[in-house]
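Breakdown of the fold
The chain contents come next:
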Amino acid sequence: MSTPDSVKYSNTPTATENVWGVGLKDAKRQSRSTAMADVAQSVTGVLLGIFLFCHMAFTSSVQISKDLFANLINTSGGMFLGGEDLPILHVIFVGFITLLVVVHAFCALRRFPTSYRQFRDIKAHYQMLRHEDTTLWFVQLTTAFLLFIFVFPHLMSMLTNPHGFDVNLIGVHTYHMGMLYTFVFLVITELHGMIGLYRLAVKWDIFTKNPDRNVIDQAGGDDRAGLRKTFLFIALAMIVCGTLTAWKNYSIGQEQVEAGQEATRYVITEGNNWYK
């Protein structure tokens, strides 16, 4: 005996109810590991997003003066502890950031397409909806793939050469890597980070749920659209600031190379050293 359609389809949720999770309290629970991986991805994403702001403020200090940047490098290297730079502190901090990146990437890999068919379905979904949030998600997926190429060599170079934290040496490194490479790395990093923070805000429900309203309409609401524009503006501002900083470092490196002093470390101007 077959189940009548009136019973079979009596509780079929709408698309909007599915998005808002209506009825999930009665649904079969998945593995805890899936939830833990999701939380780990979000937590590491937030920490890395905060780090992007701190990193931008730290490196952009060179635009004010080389002495300021050098003093901040000395501070991060523990100069205040005994009057000497401690490279191990750089290794510990970069190692911690590397750990966050690895955990974040490992958890995010669950969402990557594993076949051409899956990628084709994602692309078709993106082209069909033409929705701002879907577009941002596609951009984040693309930048995530590119970051695998860019970020690990960047981190490894710092882990294996902690003595390279110096105003002049950073400039020389930027000069040799080139402005194009640096700019591309900057753009994909900031776009991925700021879009990620926006999507986390949406994911973890900082907006009021309203299952009676069409989910597509809610996505374009004033609060959500305003937040989306804010994060995109922040991403643009970070890219502009980072580009100016990269150009400053590139110019410093060019001066050192042309003077034949690629390995010469920067000496803080007399009277401007915070720790002497």
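Everything in this summary refers to the structure shown in the same document. Just so it is clear, the model here is predicted, and its values are computed rather than measured. (Residues numbered from 1 in each chain as written. Predicted model: local features only at pLDDT ≥ 70, side-chain atom pairs only at ≥ 80, totals over all residues. Heavy atoms only, no water.)

**Re the layout of surface pockets**
Quick note on the threshold: The definitions used throughout rest on a 1 Å grid laid over the protein atoms alone, on which a cavity is an enclosed set of points accommodating a 1.4 Å probe that cannot get out and a pocket is an open set flanked by protein within 12 Å on both sides along at least five of seven lines; lining residues are those having an atom within 4 Å of a point. Grid points are joined across faces, edges and corners, and a volume is the space filled by probe spheres set on the points.
Put simply, the second largest pocket is a space of about 410 Å³. If you go around the second largest pocket, you meet 19 residues; those closest to its centre are Asn 74, Met 79, Tyr 266, Ile 268 and Asn 273.

**Description of a nonpolar patch on the surface**
In plain terms, the rule: Note that patches include only residues with greater than 30% relative accessible area and no salt bridge, and the join distances are 9 Å for like charges and 5 Å for nonpolar side chains (Val, Leu, Ile, Met, Phe, Trp, Tyr). Methods summary: accessible areas were calculated by the Shrake-Rupley approach with a probe of 1.4 Å, and residue burial reflects only the protein chains presented. When a carboxyl oxygen of Asp or Glu lies within 4 Å of a side-chain nitrogen of Lys or Arg, that pair is called a salt bridge. Helix and strand definitions follow DSSP, with helices as H or I runs of at least four residues and strands as E runs of at least two, each counted in order from the N terminus.
On the surface, Val 39, Val 43, Val 46, Leu 47, Ile 50, Phe 96 and Trp 204 cluster together to form a nonpolar patch covering roughly 610 Å² of accessible area. The dominant element in the nonpolar patch, judged by the number of residues it contributes, is helix H3 (residues 32–60), at 5 residues. Residue position: Val 43 is located in helix H3.

**With respect to the environment of Glu 84**
The condition is simple: To sort residues, take the accessible area from a 1.4 Å probe on protein chains only and compare it with the maximum for the residue type: under 20% means buried, over 50% means exposed, and anything in between is partly exposed.
On the secondary structure map, Glu 84 appears in the loop between helix H5 (79–82) and helix H6 (87–108). On the basis of relative accessible area, Glu 84 is assigned to the exposed category, the value being 58%. For Glu 84 and Tyr 275, which are 191 residues apart along the polypeptide, the C-alpha to C-alpha distance reads 9.1 Å.

**Points about the packing of H3 against H6**
Note the cut-off: Lines are fitted to the C-alpha atoms to define the axes, a helix being fitted only along its stretch in contact, and any angle between axes, read from their N-to-C directions, falls within 0 to 180 degrees. Geometric relationships in this document are graded by angle, where less than 35 degrees denotes roughly parallel, more than 145 denotes roughly antiparallel, 65 to 115 denotes roughly perpendicular, and other angles denote oblique. Here a crossing is called left-handed whenever its near helix is offset anticlockwise from the far helix by less than a right angle, and right-handed whenever the offset is clockwise. We call two residues contacting when some pair of their heavy atoms lies within 4.5 Å. When residue character is reported, Ala, Val, Leu, Ile, Met, Phe, Trp, Tyr, Cys and Pro are called nonpolar, Asp, Glu, Lys and Arg charged, and the others, Gly included, polar.
One can describe the packing of H3 onto H6 by two numbers: an axis separation of 8 Å at closest approach and a directional angle of 140°. Classified by the interaxial angle, the pair formed by H3 and H6 is oblique. Our pair here, H3 against H6, has a crossing hand that is left-handed. Note on element contacts: H6 touches H3 through Phe 93, Ile 97, Leu 100, Val 101, Val 103, His 104, Cys 107 and Ala 108, opposite Ala 37, Ala 40, Gln 41, Thr 44, Gly 45, Leu 47, Leu 48 and Phe 51. Within the contact of H3 with H6, the residues separate by chemical class into 12 nonpolar, 4 polar and no charged.

**Focus on H6**
The test is simple: Given a helix with a known number of residues, its expected span is that number minus one, times 1.5 Å.
For H6, with 22 residues, the first-to-last C-alpha span of 31 Å sits near the 32 Å given by 1.5 Å per residue. Listed in full, the buried residues belonging to H6 are His 90, Val 94, Ile 97, Thr 98, Leu 100, Val 101, His 104, Ala 105, Cys 107 and Ala 108. The elements touched by buried residues of H6 are H3, helix H4 (66–76), helix H8 (132–160) and helix H10 (179–203).

**Section: the environment of Thr 269**
Along the chain, the position of Thr 269 falls in the segment after helix H12 (222–258). For the pair Thr 269 and Lys 66, spaced 203 residues apart in sequence, the C-alpha separation works out to 9.3 Å.

**So, the nonpolar core**
Note the threshold: To form a nonpolar core, buried Ala, Val, Leu, Ile, Met, Phe, Trp, Tyr and Cys residues must be joined to one another through side-chain atoms within 4.5 Å.
Core analysis: the largest hydrophobic core is formed by 19 residues, its most contacted members being Ile 97, Val 101, Leu 155, Val 167 and Phe 185. Of all elements in the fold, only H4, H6, H8 and H10 reach the threshold of two or more residues within this core. Leu 155 has contacts with Val 94, Ile 97, Thr 98 and Val 101, leaving out every residue within four places of it along the chain. In this structure, Leu 52, Met 56, Tyr 198 and Ala 235 belong to the second largest nonpolar core, which totals 15 residues.

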